[in-house]
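What the coordinates show
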Amino acid sequence: MKNPNFDYDVVYIGSGHAAFDGAKTLCKQGFKIAFVEAVAVGGTCPNWGCNAKITLDGPVTLAKTQRRMKGIVEGDTKLNWKENIKHKREGILPIKVDREATMKSLGMDVIHGFAKFTDAHTLEINGEHVTSDKIVIATGLTPHKVEIEGTELSHDSQDFMELEDMPKRMAVIGTGYIAMEFATMANESGADVTMFMHGDKALRPFYQPYVQILMDEMKKSGIKFVENSGLRAFEQNGDEYTVTYADNQQLTVDYILDASGRVPMVHNMGLEEVGVKFDAKKGIEVNEYLQTSVENIYASGDVAATGQPNLTPTATFESQYLKHLFAGETDQPIDFPAIPSVVFTSPRISQMGVTVDEANASDEYTVEEHDLTDTWFRQITKEPVVKNAYIFDKEHRLVGFTEISDQADNAIDMIVPAVNMKMTPLEIERNVHLFPSIGHDTWKNI
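Residues numbered from 1 in each chain as written. Predicted model: local features only at pLDDT ≥ 70, side-chain atom pairs only at ≥ 80, totals over all residues. Heavy atoms only, no water.

1. Examining the overall build of the protein
We apply this condition: Strands are runs of DSSP state E lasting at least 2 residues, helices are runs of H or I lasting at least 4, and numbering of each runs from the N terminus. In this description the radius of gyration comes from C-alpha coordinates, and the expected globular size is given by 2.2 Å times residues to the power 0.38. Each residue gets one of three labels from its accessible area relative to the maximum for its type: buried under 20%, exposed over 50%, partly exposed in between, using a 1.4 Å probe on protein chains only. Between two residues, a contact is recorded if the distance between any of their heavy atoms is within 4.5 Å. What sets the accessible areas is the Shrake-Rupley method with a 1.4 Å probe; for residues, cover comes only from the shown protein chains. By the counting scheme adopted, Arg and Lys are positive, Glu and Asp are negative, and His together with the chain ends is not counted. Charge positions are represented by NZ for Lys, CZ for Arg, CG for Asp and CD for Glu.
Helix and strand counts for the protein come out as 14 helices and 23 strands. Relative to a compact globule of 446 residues, whose C-alpha radius of gyration would be 22 Å, the protein shows 23 Å and is just as compact. Here the C-alpha coordinates of the protein stretch approximately 70 × 65 × 40 Å along the principal axes. Taken over 446 residues, the protein has a buried fraction of 52%. For the protein, the share of sequence-separated contacts (at least 6 apart) that also reach a separation of at least 24 residues comes to 63%. Within the structure as shown, the protein displays about 20500 Å² of accessible surface, and the carbon and sulfur contribution to it stands at 49%. In the protein, 42 positive and 66 negative side-chain charges are present, and the distance between their average locations comes to 4 Å.

Structure follows, in structure tokens:
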């Protein structure tokens, strides 16, 4: 133990990637560590986020691929949602059990309960007080609720991931990551899906020409979009629900999924009392060391207002940075790399680094776009849409990338080193990739 004046050297409020990934190494270096977890060990990502949604999405992409290759692959593929949920539970439930066992085997404590600050070094948990030299707030985000009459009748993403039976008619509120991904799953599972948009654009951070292509593909699958919906109210009539929107128009559905966004988990923690500054929509204010307005209290992951994408890789990077900082291995501010983000729809959209819009607004960059739909490799599985854009600086170093395709997630993952290591054309040339492969297909245009 590094500081005997407290119960712990570091207490993490939360047990997701923003905490665990760095903490496990600190523990091996002799730091006494504890996690306070109010809900599920592992946090959002494994339980209701990345791992869970990819498990549910796997059969969706398989079914769509099979239909494209009908005649080559015989038979009709129909997604069984009940079995899909069962499969998800079988894969996801052991994660939190294994994670907690790993924490304890390393000598870290797991305290189940809700933490509230009583002073800068003390947390009250289940009526008991725990002290720590440093405290890291890693509570993440929680689903947002639209502020209209009857909002309590809607369900959030966690509810959706536990649906035993897919409703026949579903209203999805929002067109962000979660909304678009879950609408794709529901549609493939037989639901009649209507998406209610706040404005006239979906997936705002992404390259809009590609977003429009995605929306067109979703429409072909039967998903409907209501732009500038002007939601008014949700009402229940027996087993049905009525969504009132715009000029008192109404839609009757069997289920309402509110995927209008996520907000920081900052309330009822005593942050105001100890002087930790935060914004209810943006999160906890931090400096370039992830330090809050209180010297020994830090914030990591989605709850920290860093301006970075709210993604698992971001949380992991921040957690590992704090490990280096606490262990005295660095005294430098955090230096974020370009972090890839992906929308797991069909097709997928990926993006990292300098965006096409940013590049087009500056004479510092050039944009090279490609349509690979008819190329040999992408036609193996008859992908309907394959477009990408590479953004280069004046030395022709890759600084940004975006793609729409079924393989957009794998494509962008392949070129992360080219962007973050600022590879020169000669260095890129020396990276020889397996052929045929997505890696070769993606690197050949750099």
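2. Quick notes on the packing of helix α3 (residues 50–68) against helix α4 (residues 81–105)
Condition: Angular values range over 0 to 180 degrees, each being the angle between N-to-C directions of two axes fitted as lines to C-alpha atoms, with helices fitted over their stretch in contact. Crossing chirality is assigned from the near helix's rotation relative to the far helix, an anticlockwise turn below a right angle marking it left-handed and a clockwise turn marking it right-handed. Residues are grouped as follows: Ala, Val, Leu, Ile, Met, Phe, Trp, Tyr, Cys and Pro are nonpolar; Asp, Glu, Lys and Arg are charged; all remaining types, including Gly, are polar.
Where α3 meets α4, the axes come as close as 9 Å, and the angle between the chain directions of the two elements is 145°. Between α3 and α4 lies a crossing of right-handed hand. Note on element contacts: α4 touches α3 through Trp81, Asn84, Ile85, His87, Lys88, Ile92 and Ile95, opposite Asn51, Ala52, Thr55, Leu56 and Pro59. Split by residue class, the contact of α3 with α4 holds 7 nonpolar, 4 polar and 1 charged.

3. So, the sheet that holds strand β21 (residues 366–371)
What counts, and what does not: We treat two strands as partners when DSSP finds at least two bridges between them.
If you trace the 5 strands from one edge of the open sheet to the other, you get β19-β20-β23-β22-β21, paired in antiparallel fashion. Edge strands, defined here as strands with exactly one partner in the open sheet, are β19 (341–343) and β21. Adjacent strand axes in the sheet meet at a mean angle of 10° when their direction is disregarded. As defined by bridge partners, strand β22 (residues 387–392) adjoins strand β23 (residues 398–405) across 6 bridges and the pair is classed as antiparallel. When the bridges of β23 are listed, Phe392 appears paired with Leu398.

4. Some words on a nonpolar patch on the surface
Note the following rule: Like-charged residues within 9 Å of one another, or nonpolar side chains (Val, Leu, Ile, Met, Phe, Trp, Tyr) within 5 Å, are grouped into patches, provided each residue has over 30% relative accessible area and no salt bridge. The working definition used for a salt bridge is a side-chain nitrogen of Lys or Arg within 4 Å of a carboxyl oxygen of Asp or Glu.
A contiguous nonpolar surface patch, about 380 Å² in accessible area, is contributed by Trp376, Ile380 and Phe435. In this structure, Ile380 sits in the loop between β21 and β22. The class of Ile380 is partly exposed, set by a relative accessible area of 42%.

5. Here we look at the pattern of salt bridges
Per the counting criterion, the structure on display carries 25 salt bridges. Put simply, Lys224 and Asp192 hold a salt bridge, and the shortest N to O gap is 2.5 Å. Of the two residues, Lys224 sits in strand β10 (residues 224–226) while Asp192 sits in strand β9 (residues 192–196), which places them 32 residues apart along the sequence. Given a relative accessible area of 36%, Asp192 falls into the partly exposed group. One network of salt bridges, in which partners are shared, links Arg378, Glu383, Glu403, Asp441 and Lys444.

6. Here we look at empty space enclosed by the protein
Note the following rule: Of the grid points, spaced at 1 Å and generated over the protein atoms alone, those admitting a 1.4 Å probe that cannot get out make up cavities, while open sets with protein on both sides within 12 Å along at least five of seven lines make up pockets; any residue with an atom within 4 Å of a point is treated as lining. Grid points are joined across faces, edges and corners, and a volume is the space filled by probe spheres set on the points.
Applying the stated criterion to the full structure yields 2 cavities of 30 Å³ or more. A volume near 40 Å³ is recorded for the largest cavity. Surrounding the largest cavity, Pro143, Asp156, Ser157, Ile178, Asp258, Ala259, Gly261 and Arg262 form its lining. For the lining of the largest cavity, a count of residues per class yields 3 nonpolar, 2 polar and 3 charged. Counted as a void, the second largest cavity has a volume near 30 Å³. Around the second largest cavity, the lining residues are Lys64, Thr184, Asn187, Glu217, Met218, Ser221, Ile223 and Ser346. Elements supplying a minimum of two residues to the lining of the second largest cavity: α6 (177–188) and α7 (208–220).

7. Focus: the sheet that holds strand β11 (residues 231–237)
Pairing is antiparallel in the open sheet, where 3 strands are placed in the order β11-β12-β13. Edge positions in the open sheet fall to β11 and β13 (249–253), since each of these has one partner strand only. Taken over all neighbouring pairs, the strand axes of this sheet differ in orientation by 20° on average, direction set aside. With 6 bridges joining them, β11 and strand β12 (residues 240–245) adopt antiparallel strand pairing. Opposite Leu231, over in β12, you have Tyr245 as the bridge partner.

8. A look at the packing of aromatic side chains
Inclusion rule: Only Phe, Tyr and Trp rings take part, Trp by its six-membered ring, and two of them pair if their centres are within 6.5 Å. Stacked means planes under 30 degrees apart, edge-to-face means over 60, and tilted covers everything else.
Under the defined criterion, the tally for this structure stands at 13 aromatic pairs. Note on Tyr390 and Phe392: the rings are 6.3 Å apart at their centroids and 10° apart in plane angle, and the pair reads as stacked. The pair Tyr390 / Phe392 is uniform in exposure class, with both members buried. An aromatic cluster is defined as three or more aromatic residues linked by ring pairs; in this entry it consists of Tyr12, Phe20 and Phe35.

9. As for the side chain of Thr184
Which entries qualify depends on this criterion: Side-chain atoms alone can form a polar contact between residues adjacent in sequence; in general such a contact is a pair of N or O atoms within 3.5 Å, and within protein one must be able to donate a hydrogen while the other accepts it.
When you line up the elements, Thr184 lands in helix α6. A polar side-chain atom of Thr184 sits 2.8 Å from the main-chain carbonyl oxygen of Met180. Dropping the residues within four chain positions of it, Thr184 is found in contact with Val60, Lys64, Met218, Ile223, Thr345 and Ser346.

10. Describing the packing of helix α1 (residues 17–28) against helix α9 (residues 312–326)
Viewed as axis vectors pointing N to C, α1 and α9 meet at an angle of 35°, and their least axial separation amounts to 7 Å. As α1 packs across α9, the resulting crossing turns out to be right-handed. On α9, the residues that touch His17, Ala18, Ala19, Phe20, Asp21, Gly22, Ala23, Thr25 and Leu26 of α1 are Thr312, Ala315, Thr316, Ser319, Gln320, Lys323 and Phe326. When its residues are assigned to classes, the contact of α1 with α9 shows 7 nonpolar, 7 polar and 2 charged.

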